[in-house]
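Results of the structural survey
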Amino acid sequence: MSDIRPDIEIRNLYKIFGADPGAHIEAVKAGLSKTDLNRKHGHVLGLQDINLTLPGGQISVIMGLSGSGKSTLIRHINGLIAPTAGEILYDGEDVCRMSEAELRRFRRKRTAMVFQKFALLPHRTVLENTLYGLDIQRVPRAEAEPIARRWIDRVGLKGFESHYPAQLSGGMQQRVGLARALANDADILLMDEAFSALDPLIRVDMQKVLLELQEELRKTVVFITHDLDEALRLGDKIAILRDGALEQVGTGQEIVLNPANDYVAAFVREVNRSRVIHAGTVARVPEPGESLPEASYPARLVLEKVARRMTRDGHRAARVVDRNGDTQGVIDLSAILEAMVNPATADSETA
Amino acid sequence: MASSCWGLPELICRFPEVDATAMRHARRAIDTGFRDLVREFSDVIDAATAPLQVFLNMLENTFVNTPWIIVFAVLLGVVWAGARSVRVVAGAALALLVIGWVGLWEDTMITLAMVTVSTLLAVALGLPVGIFTARSDRVQAVVNPTLDVMQTLPSFVYLIPVVVIFGIGKVPGLIAVVIYAIPPMIRLTNLGIRLVDREVIEAADAFGSSDRQKLWGVQLPLALPTIMAGVNQTIMMALAMVVIASMVGVGGLGKNVLQAINNQFFTVGFLNGFALVAIAIIFDRTSQAFGKRLQKHREAGHE
Ligand SMILES: Nc1ncnc2c1ncn2[C@@H]1O[C@H](COP(=O)(O)OP(=O)(O)O)[C@@H](O)[C@H]1O
Ligand SMILES: [Mg+2]
């Protein structure tokens, strides 16, 4: 990619909801817990000491149960919520210190947002909804319309330009939401549980649409979900949030293989590990002089795909190779099976 | 005197009233003070109400002096533009023809002019106040109780300060009607804006809308059905109040009703009353159908 997008750097971010957040920030920094803050002072601790880098041009997923502070966090990135303390740096600027006017310009040019309940304008057609961000920037219609039509086309809604949102299904409405966000040509795409309200099949469709678009656009996507499968499918980087604090940050594989604590372990217990773990992770270093199998698969391939190809091709063992085709290790079906079995479930069976 | 006090002390038995002389003095002080104040500013008041007088007279003259067939056609045109319904237009035509036939055309025109001007004024004033109220909870905490008082105050009571300040005539009547009819406009504008989906407002913010872009592009359009319900109610209240405002010199159907009450003219009273009802129904159907048409796009369903 020619244009490298900057990272979003979140530093020591705190958010306290209530009548006088400033009065309690020091106590919270000194370790006052969320429950105590609520019980003793009637304030809600939304976020505590968040330090997170969201890499430019990648999809970062923020995950957590309902009420863990996901929406609060993502709304700090475009300044919809102001922090009690901390900073959010983007391209040399602190979003938290921007004036109203600067913030408006930042939102118009650099961020776009997709919402859980779509948040389309019911009195505007699909085309007019897609044009919304450009209208706000006062781009002349003659210039804006072709852009909007192109994005409507890209999200698969060609022919629906003059429909109103109420005439569309949920999945189609969210496609409009996506087109509206993309038409802005912003670096940052904020998606707050954007697919959570959709039926499972349509949800998978939308995930594919997003991945395809991202393949080409390389935006800095911040995606929120409470669904681990979705997080693993989309996220280059995953951050797990609980009660307003970060529990673990890492790639999907890191989180599944090494959950930082019981909370994260509980999250990953039911996940389909074969879709997360890469062949390279399971491969063992061959003994010196060992005769290597003929077949080979890329190290980045997930176990599910490796297993499918090996059974299809009738191999019991194979080499795992890196990008240059150099052998990294060997893998066989029993090693794959062992890695796919969840250690937690395995333990409970032997016990 | 205190014949049956059941042996209770005087203070508990009989209500301790303020001294009658003190009351009289206080009343006189307030009344004359108020009157002097009005006299002092009479020039200002006259200057302020002059444009209203001109506008009202102009509209009234147009309605009354234009040949009836033209007014008739224009009215039906307006009804059609609003309601887009043959039934409503036919009903309006029939009602207007009957009104004219029983000799109430001119009075109806006077009332129509009055209701039109007062509705326009109530909307022009009520809309900004409603928007302002929706923007701040503190303003709402002042406005809402005020509207409560305005709506529970008997309509006759409005006439007293209006007459003291503005005297007798069409314009004082107009002002009384506007004050009486404005609360639903303010209330429903406020409510409509406050009921706009929070997430949609958030979306507008997230795309960098300014306050003005948000107001005109999102809040008002989405609140429009509720605001239209406010306009509808304002019209209805204005129609009710023109009858009472005839006590301070407003002409038209209301004046006839008032005379009919004074002279026990049963038939005249009812004819005029029905004419008012007919106008009310025409206004109501037209504005409601218009409001419904505005939110047609909200109807669900694939083509
Ligand atoms: N405006 C607010 N005032 C008070 N508490 C709030 C406010 N917004 C969010 N919260 C609280 O902050 C916590 C996190 O909320 P949220 O970010 O919406 O969670 P999530 O999106 O993960 O479900 C919750 O406990 C919620 O009740
Ligand atoms: Mg949320």
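Residues numbered from 1 in each chain as written. Chains lettered and ligands numbered in written order. Predicted model: local features only at pLDDT ≥ 70, side-chain atom pairs only at ≥ 80, totals over all residues. Heavy atoms only, no water.

**Describing the overall build of chain A**
For the record, the criterion: What counts as a helix is a DSSP run of H or I of at least four residues, what counts as a strand is a run of E of at least two, and both are numbered from the N terminus. Each residue's exposure class comes from its accessible area (1.4 Å probe, protein chains only) as a fraction of the maximum for that residue type: buried when under 20%, exposed when over 50%, partly exposed otherwise. Any two residues whose heavy atoms approach within 4.5 Å are treated as being in contact. Areas reported here follow the Shrake-Rupley algorithm with a probe of radius 1.4 Å; residue values treat only the protein chains shown as occluding. Charge assignment: positive for Lys and Arg, negative for Asp and Glu; neither His nor the chain ends contribute. The atoms used to mark charge sites are NZ of Lys, CZ of Arg, CG of Asp and CD of Glu.
Each helix and strand in chain A was counted, giving 16 helices and 13 strands. For chain A, the spread of C-alpha atoms along the three principal axes comes to 70 × 55 × 35 Å. Per-residue burial over chain A gives 50% buried out of 351 residues. Across chain A, the fraction of contacts at a sequence separation of at least 24, relative to all contacts at a separation of at least 6, is 68%. Approximately 16,500 Å² of chain A is accessible, and the part contributed by carbon and sulfur atoms is 47%. Put simply, chain A has 45 plus and 48 minus side-chain charges, and the middle of one group is 5 Å from the middle of the other.

**Looking at the site of ligand 1**
Residues and elements named next belong to chain A. As a reminder of what qualifies: Working definition: residue near molecule or strand if any one of its non-hydrogen atoms lies within 4 Å of it. Counted as a polar contact is a pair of N or O atoms within 3.5 Å, where, for protein atoms, one must be capable of donating a hydrogen and the other of accepting one, and residues adjacent in sequence contribute only when both atoms are in side chains.
Every residue near ligand 1 is listed here: Phe-17, Lys-34, Val-44, Leu-65, Ser-66, Gly-67, Ser-68, Gly-69, Lys-70, Ser-71 and Thr-72. The separation between an oxygen atom of ligand 1 and a polar main-chain atom of Ser-68 is 3.2 Å. Interatomic distance of 2.5 Å between a side-chain N/O atom of Thr-72 and an oxygen atom of ligand 1. For ligand 1, whose unbound accessible area comes to 560 Å², protein coverage reaches 59%. Take the shell around ligand 1: its biggest share by element is three residues, from helix H3 (residues 70-77).

**Considering the environment of Ile282(B)**
All names here are of chain B. Mapped onto the secondary structure, Ile-282 falls in helix H13 (residues 266-294). In the structure, Ile-282 is positioned twelve residues away from Phe-270 in sequence and 18 Å away in space, judged by C-alpha atoms. With near-sequence residues (within four places) excluded, Ile-282 lies in contact with Val-79, Ala-92 and Ala-95.

**Points about the interface of chain B and chain A**
Stated formally: Joining two parts hides part of their accessible area as seen by a 1.4 Å probe, and the buried area is that hidden amount summed over both. Counted as salt bridges are all cases of a side-chain nitrogen of Lys or Arg within 4 Å of a carboxyl oxygen of Asp or Glu.
Each partner contributes residues to the interface: chain B has 23 residues there, and chain A has 32 residues. For the pair chain B and chain A, the two sides together bury roughly 2,300 Å², of which 59% comes from carbon and sulfur. Three residues, Glu199(B), Phe207(B) and His297(B), lead the burial of chain B against chain A; their summed loss comes to 32% of the area buried on that side. The tally of links from chain B across to chain A stands at one salt bridge. Measuring nitrogen to oxygen at the nearest pair gives 2.6 Å for the salt bridge that ties Arg75(A) to Glu202(B).

Taken by themselves, the reported measurements are silent on function.
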